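Secondary and tertiary structure notes
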Amino acid sequence: MIDYAPSNLLHADLRIDGDRLMRRIEDLAAIGPIDGGGSCRLALTDEDRAGRDLVVAWMSDLGLSVTVDAIGNVVGIRPGRTDGPPTMTGSHIDTVRTGGRYDGNLGVLAGLEVVETLERNGIETNHPVAVAFFTDEEGARFPPDMLGSLVYVGGMPLEEALDIVGIDGAVVGEELERIGYHGPAPCPGVAPRAFVELHIEQGPVLEAEGTTIGAVTGVQGISWTEWTITGQSNHAGTTPMELRRDAGHVAATIAVQVRDLANRLNRQSVAEGRLDRQVGTVGQLNLHPDLVNVVAGSATMTVDLRNTDESLLSGVEADLARFVAEMAEAEGVTIDKRTLARFEPVAFDDRMVETVATVAERLGHSVRRMPSGAGHDAQMLARICPTGMVFVPSRHGISHNPAEHTDTEDLVAGANVLLHTLLVLDAHPLESGVPSDGEED
Ligand code: GLV
Ligand code: MN
Ligand code: MN
């Protein structure tokens, strides 16, 4: 195993420049600004293009060689002493419509800050260092989430991804062409030696216990479904209750059931002393014709279910499907299902988790090992290389909201953990996909 004696942190006094990091975060947040200080850069929109152009310009200024692949993932590479696969970091710069300034952006811009720190201190690495941003991590415009990294690792054929139709009717391939990011680099991409992503926690745990760094152990499973309910629109005043085929009523009942299923499962988990927690969200609900005096003839809704335990997640999916079928029967409506995303829980390699945790401790930070509630590009990269993540606290656990905030000192702490984790990984041979015994040179 790696010898973690402090003297073995190469360049132990090296630190990133927090002011430079914050300037880049602010400059990127100013693209697609929204009330409250956040940004709206839905994937492959004009705002996303402007954000991409800015980050690519920064990459070029830093001397990185920049490639764009056929799904629009962008990778900037700083050469090492030897050629070969890079040690990679990165995240995403697309946002949800109500995005904060840190979700995704932090990981990409901290990656650039690491490169600038190496550059200004004349530090050569053994292996190339890559900073990537992946297309459509949010999946908010084009489901599924993590689309670009999924294609990068070969988890979805390129052609299938290019044909995906978004919530506004736009098509991924056409939008990539339109914004000039349908690049020539092939998909799947090169497997890195290792991948480490810095991200805000987006939940309340670190702040609540006053811990600075999360060493992420894995990502919970994600299930996104769209349900389309078709009933009969009719007059709100004249249609007796027993004659209604009310799509709005069915949608509302399903939404309540999502909450009930999650609560029931969690009561059981608590009673049995288990740590798994179910979450369930109806984030989109559209009624038609959406008028005060018309019984809704149709409804479209999304359900987002997540759990760290695959069998529990599958169980909740099955319970909900049964309930939906019963509701269809009872109300005389038809209900169609479309799966938007389905990813099983991912466990990161223990030795990567320990590398992150030990580096953080060596830098003097408090550390908690914890799973991620949110989806991340790292969960896709974990399919092809040893992968880890670094979390920093989110104020009040708020994210996907312009009020998203992390204190500057925590952002800087996270970026320094990223810097030294990358240096440790660079200095150690990675065999069988994990850090192994090895001498630093
Ligand atoms: C992506 O941010 C997700 O977890 O929904
Ligand atoms: Mn994110
Ligand atoms: Mn997000």
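Keep in mind the model is a prediction, meaning the values are calculated, not measured.

What counts, and at which threshold
- Residues numbered from 1 in each chain as written.
- Chains lettered and ligands numbered in written order.
- Predicted model: local features only at pLDDT ≥ 70, side-chain atom pairs only at ≥ 80, totals over all residues.
- Heavy atoms only, no water.
- Helix = DSSP H or I, 4+ residues; strand = E, 2+ residues; numbered from the N terminus.
- Rg over C-alpha atoms; globule rule 2.2 N^0.38 Å.
- Buried < 20%, exposed > 50% of the residue type's maximum accessible area, 1.4 Å probe, protein only.
- Contact = heavy atoms within 4.5 Å.
- Areas by Shrake-Rupley, 256 points an atom, 1.4 Å probe, with all protein chains shown as cover.
- Lys, Arg positive; Asp, Glu negative; His and termini not counted.
- Charge placed at Lys NZ, Arg CZ, Asp CG, Glu CD.
- Expected span 1.5 Å × (residues − 1).
- Polar contact = N/O pair within 3.5 Å; in protein donor to acceptor, adjacent residues only side chain to side chain.
- Donors = N, O, S within 2.8 Å, 3.2 Å for Na, K, Ca; no water.
- pLDDT = per-residue confidence, 0-100.
- Phe/Tyr/Trp six-rings, centres within 6.5 Å; stacked < 30°, edge-to-face > 60°.
- Domains from an automatic or database assignment.
- Buried area = accessible area lost by both parts, 1.4 Å probe.
- Salt bridge = Lys/Arg side-chain N within 4 Å of Asp/Glu carboxyl O.
- Nonpolar A, V, L, I, M, F, W, Y, C, P; charged D, E, K, R; others polar.

1. Some details on the overall build of the protein
Within the protein, the regular secondary structure consists of 12 helices and 18 strands. Taking 2.2 N^0.38 as the reference for a compact globule, 441 residues should give roughly 22 Å; the C-alpha atoms of the protein span a radius of gyration of 23 Å, in line with that estimate. Dimensions of the protein along its principal axes, counting C-alpha atoms only, are 80 × 55 × 40 Å. Burial statistics for the protein: of 441 residues in total, 57% are counted as buried. Long-range pairs, those at least 24 residues apart, make up 79% of the contacts in the protein between residues at least 6 apart in sequence. Total accessible area on the protein is roughly 17800 Å²; 50% of this is exposed by carbon and sulfur atoms. Between the centroid of the 33 positive side chains of the protein and the centroid of its 67 negative side chains there is a distance of 3 Å.

2. Quick word on helix α10 (residues 350-362)
Taking 1.5 Å as the rise per residue, α10 with 13 residues should run 18 Å; its terminal C-alpha atoms sit 18 Å apart, in good agreement. Among the residues of α10, Met-352, Val-353, Thr-355, Val-356, Ala-357, Thr-358, Val-359 and Ala-360 are the ones counted as buried. The N-cap residue of α10 is Asp-349: its side-chain oxygen and the backbone nitrogen of Arg-351 are 2.8 Å apart. Where α10 ends, the next residue or the one after it, Gly-364, has phi of about 90°, a positive value.

3. As for the coordination of the manganese ion (ligand 2)
Coordination of the manganese ion (ligand 2) by the protein is provided by His-92 (NE2), Asp-103 (OD) and His-199 (NE2), with metal-donor distances spanning 2.0 to 2.3 Å. Written as a sequence motif, the donor residues of the manganese ion (ligand 2) are H-x10-D-x95-H. In this structure, the manganese ion (ligand 2) lies 3.6 Å away from the manganese ion (ligand 3), the two metals sharing Asp-103 as a donor. Within this pair, whereas His-92 is found in the loop between β3 (87-91) and α3 (105-120), its partner His-199 is found in strand β5 (residues 194-200), the two being separated by 107 residues in sequence. There is no split in this pair, since His-92 and His-199 are both buried.

4. So, the confidence of the model for the protein
Summing up the model confidence of the protein, the mean pLDDT is 96 and the portion of residues at 70 or higher is 96%. Counting contacts from residues 437-441, a segment whose pLDDT is below 50, to residues more than four positions away or on other chains yields 12 contacts.

5. A word on the packing of aromatic side chains
Considering all chains together, one arrives at two aromatic pairs under this definition. Seen from their ring centres, Phe-134 and Tyr-152 are 5.7 Å apart, and the 75° between their planes marks the pair as edge-to-face. A residue pair is termed long-range when its members are at least 10 positions apart, and Phe-134 in the loop between β4 (129-133) and α4 (147-152) and Tyr-152 in helix α4 qualify at 18 residues. For the ring pair Phe-134 and Phe-195, a centre distance of 6.2 Å and an interplane angle of 65° mean the geometry is edge-to-face. Separated by 61 residues along the polypeptide, Phe-134 in the loop between β4 and α4 and Phe-195 in strand β5 bring together distant segments of the chain.

6. Let's talk about the domain arrangement of the protein
Under the domain assignment, the protein is made up of domain 1 (6-219 + 346-435) and domain 2 (221-343). Using only C-alpha atoms to locate each centre, domain 1 and domain 2 end up separated by 33 Å. On the side of domain 2, nine residues touch domain 1, which itself brings 16 residues to the contact. Roughly 790 Å² is buried in total at the junction of domain 1 and domain 2, and carbon and sulfur atoms are behind 64% of that figure. One can count zero salt bridges joining domain 1 with domain 2. For the side of domain 1 that touches domain 2, a count of residues per class yields nine nonpolar, four polar and three charged.

7. A short note on the coordination of the manganese ion (ligand 3)
At the metal site, the manganese ion (ligand 3) is ligated by Asp-103 (OD), Glu-138 (OE), Glu-138 (OE) and His-400 (NE2), and these contacts range over 2.1 to 2.5 Å. Along the chain, the residues donating to the manganese ion (ligand 3) are arranged with the sequence spacing D-x34-E-x261-H. For Asp-103, a relative accessible area of 6% puts it in the buried group. A residue is classified by how much of its surface remains accessible, and Glu-138, at 7% relative accessible area, is buried.

8. Let's talk about the pattern of salt bridges
With the rule as written, the count across this model stands at 23 salt bridges. Arg-342 serves as the salt-bridge partner of Glu-317, at 2.8 Å between the closest nitrogen and oxygen. Taken together, the residues Glu-317 in helix α9 (residues 310-331) and Arg-342 in strand β13 (residues 334-343) connect sequence positions 25 residues apart. Looking at Glu-317, the relative accessible area reads 23%, which means it is partly exposed. Bridged by salt links that share partners, the residues Asp-46, Arg-49, Arg-141, Asp-168, Glu-175 and Arg-178 form one connected network.

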